[in-house]
Amino acid sequence: MFIRKKKNKSGVISVQVIDKSSGNYKLIKTIGSSANLIEIEQLYAQGVSWVRNYTGATELDFKNEQQLFEQFTNGIQSINVVGTELLLGTIFNDIGFNAINDFIFKQLVIARLCFPVSKLKTTDYLNKYNSISLDVDSVYRYLDKLYNTQKEQVQQISYDHTLKILNNQISVAFYDVTTLYFEVEKEDDLRKTGFSKDGKHQHPQIVLGLLVSIDGYPLAYDIFEGNKYEGHTMLPIVEAFKEKYKLTKLLVVADSGLMSAENINELQSKGYEYILGARIKNEKKDIQEKILALALKNGENAIITKDENSKIVISYSDKRAAKDSYNRQRGLQKLEKLIQSGKLTKSNINNKGYNKYLKLEGEVKVSIDETKIKDANKWDGLKGYITNTNLPKDEIIENYSHLWKIEKAFRISKTDLQIRPIYHRLKRRIEAHICIAFVAYKIYKELERQLREKQSTLSPEKAIDIAKTVYDIKIATPINKNIISKTLILTEEQWILKKLFQ
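Within each chain, residue numbers correspond to sequence positions counted from 1 in written order. With pLDDT at 70 or above as the cut-off, local features in this predicted model cover only qualifying residues; side-chain atom pairs require 80 or more to be listed or tallied, and sums for whole chains, interfaces and linings still use all residues. Only hydrogens and water are set aside when side-chain values are computed; all heavy atoms of the structure are taken into account.

1. Observations regarding the overall build of the protein
Consideration 1: Comment: elements are numbered from the N terminus, with helices defined as DSSP H or I runs of at least four residues and strands as E runs of at least two. The secondary structure content of the protein amounts to 16 helices and 16 strands.
Consideration 2: Only protein chains enter the calculation, and the probe is 1.4 Å; a residue is then buried if its accessible area is under 20% of its type maximum, exposed if over 50%, and partly exposed in between. Evaluated residue by residue, the protein yields a buried proportion of 47% over its 502 residues.
Consideration 3: Contacts are residue-level and defined by heavy atoms, with any inter-residue pair within 4.5 Å sufficient. Summarising the internal contacts of the protein: among those between residues at least 6 apart in sequence, 60% fall at separations of at least 24.
Consideration 4: Only the protein chains shown count as cover for residues, and the accessible areas themselves come from Shrake-Rupley with a 1.4 Å probe. For the protein, the computed accessible surface area is about 27,200 Å², with 49% contributed by carbon and sulfur atoms.

2. Examining the confidence of the model for the protein
Consideration 1: Scored from 0 to 100, pLDDT reflects the predictor's confidence in each residue. For the protein, per-residue confidence averages 82 on the pLDDT scale, and 84% of positions sit at 70 or higher.
Consideration 2: Averaged pLDDT values over the elements of the protein bottom out at 58 in strand β12 (residues 358-361) and peak at 94 in strand β11 (residues 311-316).

3. Some points on the pattern of salt bridges
Consideration 1: One side-chain nitrogen of Lys or Arg within 4 Å of one carboxyl oxygen of Asp or Glu is enough to make a salt bridge. The full count for this structure, using the stated rule, is 17 salt bridges.
Consideration 2: A salt bridge links E152 to K244; its shortest N-O distance comes to 2.9 Å. Linking E152 in helix α6 (residues 136-165) with K244 in helix α7 (residues 234-244), this pair joins segments that are 92 residues apart in sequence.
Consideration 3: Here K244 falls in the partly exposed class, since its relative accessible area comes to 32%.

4. Thoughts on helix α12 (residues 393-401)
Consideration 1: Of all the residues in α12, the buried ones are I396, I397, N399 and Y400. Buried residues of α12, seen end-on, are gathered within an arc of 160° and therefore sit on one face of the element. The arc in question is the one traced by the directions running from the helix axis out to the C-beta atoms.

5. Some words on the nonpolar core
Consideration 1: Formed by 65 residues in total, the largest nonpolar core has its most connected members in L88, F97, F105 and I443.
Consideration 2: Considering every element that reaches this core, the biggest residue donor is helix α14 (residues 427-453), with 13 residues.
Consideration 3: Excluding its chain neighbours within four sequence positions, the residues that come into contact with L88 are I110, L113, C114, I443, L447 and I464.
Consideration 4: L247, L250, L276 and I280 belong to the second-largest nonpolar core, a separate cluster that totals 42 residues. The set of buried Ala, Val, Leu, Ile, Met, Phe, Trp, Tyr and Cys residues whose side-chain atoms join them within 4.5 Å is what this entry labels a nonpolar core.

6. Re the packing of aromatic side chains
Consideration 1: Side-chain rings of Phe, Tyr and Trp (the six-membered ring for Trp) are treated as a pair once their centres are within 6.5 Å; stacked means planes under 30 degrees apart, edge-to-face means over 60, and tilted covers the remaining angles. Throughout the structure, instances matching the rule amount to 11 aromatic pairs.
Consideration 2: Joined through ring pairs, the aromatic side chains of F92, F97, F105 and Y142 make up one cluster.

7. Some details on the packing of helix α3 (residues 83-95) against α14
Consideration 1: Angular values range over 0 to 180 degrees, each being the angle between N-to-C directions of two axes fitted as lines to C-alpha atoms, with helices fitted over their stretch in contact. Between α3 and α14, whose axes approach to 10 Å, the crossing angle comes to 100°. On the basis of the axis angle, α3 is roughly perpendicular to α14. Contacts between α3 and α14 involve L87, L88, I91, F92, D94 and I95 on the former and, on the latter, V439, K442, I443, E446, L447 and Q450.
Consideration 2: Three classes are used: nonpolar for Ala, Val, Leu, Ile, Met, Phe, Trp, Tyr, Cys and Pro, charged for Asp, Glu, Lys and Arg, and polar for all others, with Gly counted as polar. Of the residues in the contact of α3 with α14, the class split is eight nonpolar, one polar and three charged. The scheme is simple: roughly parallel for angles under 35 degrees, roughly antiparallel for over 145, roughly perpendicular for 65 to 115, oblique for anything else.

8. Looking at α7
The α-helix winds at 3.6 residues per turn, so residues separated by three or four positions along the chain end up facing the same way.
Consideration 1: Every buried residue of α7 is listed here: M234, L235, I237, V238, F241 and K242. The buried residues of α7 occupy an angular sector of 165° when projected down its axis, which confines them to one face.
Consideration 2: After α7 finishes, the residue K246 shows a positive phi value of roughly 50°.

9. Things to note about the sheet that holds strand β2 (residues 13-19)
Consideration 1: Here we have three strands laid out as an open sheet, ordered β1-β2-β3, and antiparallel in their pairing. Two strands bound the open sheet, and with one partner strand each, they are β1 (2-7) and β3 (26-34). Strand-to-strand twist in this sheet, taken as the mean axis angle between neighbours without regard to direction, amounts to 30°.
Consideration 2: What makes two strands pair is DSSP finding at least two bridges between them. Here β2 pairs with β3 via seven bridges, running antiparallel. Within β3, the position partnered with D19 by the bridge is K26.

10. Focus on the sheet that holds strand β16 (residues 483-488)
Consideration 1: Strands sit in the order β4-β15-β16 across an open sheet of three strands; the sheet is antiparallel. Both edges of this open sheet fall to β4 (76-81) and β16, since each of them pairs with a single strand only. Here the strands of the sheet are splayed against their neighbours by 15° on average, with no regard to which way each runs.
Consideration 2: Pairing of strand β15 (residues 471-476) with β16, which is carried by six bridges, proceeds in the antiparallel orientation. By the bridge assignment for β16, Y471 is matched with L488.

What follows is the structure in structure tokens.
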């Protein structure tokens, strides 16, 4: 914007305010006209003053850096992190979670991805970095609301989005469980001590069952008492999922820890196809003999009929054999040291871990049973999959191999999202906490998918870290106090992220 003196045909000079920001000359205001040189200069000064007031500009003394700095900083109203909202908030909306029109819900989910801490510390984080004022009591009241009204809606939104990105077909579901502990000592109806996958056996815990799709996108979840056998958690979740979405056919893939005769019979009776990890060393003697007689070489696989309803696919890998041997040797070395120290007794002879290789010599001496080690060597590199499907062997093995993605889901939830330990006491708030983590993981997976689709080398963690460095600054202009807002994109990695998601 500038001041122009335009000479008219009559010889009179018009003093005008002109804007050329769009590339074309645009008349904003005519200050006045005169043929008198002194009056023209006065009109010109009036024009300059008008522009200053109009734009909020002030005279900056570039010769006095300190004064210039103070003129700038005195007008700052706020500096907030906005990158996380621009990145994760947009994905939140893309998935459809904005259908849950609740401000607190969105903030808790994004905070779980960026700064996963207790609800009290979350409110402090939102206040310090986002200028969002929430008291912890309002958060707790919201958790009660989330439990009562929004849990089912959350899972429906996640399912609909996953169905869309998988071309409207979900025919395979992967199931696994983990445990989440509490920093308390007392048990209750839900929080009970049991076998802890986190090694926190002294803490009460809950069991979390998670169902995911072919690429690890979360589909459904539920929580169970901390002492519940994990094999009894699968069918309730799978059945509820199949019924809710009216699925006529579903292939269930799960780890060997969930392979019980009861589970297999239930899956079979309810018409499910399944692929489960097989405990081939626990099979009947005739099946074991058939497996060892295969003499498979690296990359080979074969099928053995188990009964009229199921079969076992056996595969062999040199890499797996080397790993099996290495792990056993490492375990045996630890046993040797314990034997030499005299710390092993008769009570240590059991089937737990590498203790199965121990034997008792005479009345008092504990030693390693070389015969058992020799027998174990025969199974190195072999892996089994029990199934009732008619899929080719390679597809059965390929489907089972995707289970690592659900293991990754638990790892992300426990590390990046820090879903445990859980500090809540009431069941409804525990449920709400898990629900927020479920949504956060869904957003994480969608961010991962979009980065891969855009052929970016950034990981989701790195993208979130960069987003946390993008700030918005709001400044009040010195004269008319207009608020000017500016998102600061300063570094190369910030520009790269902006270009990916603009």
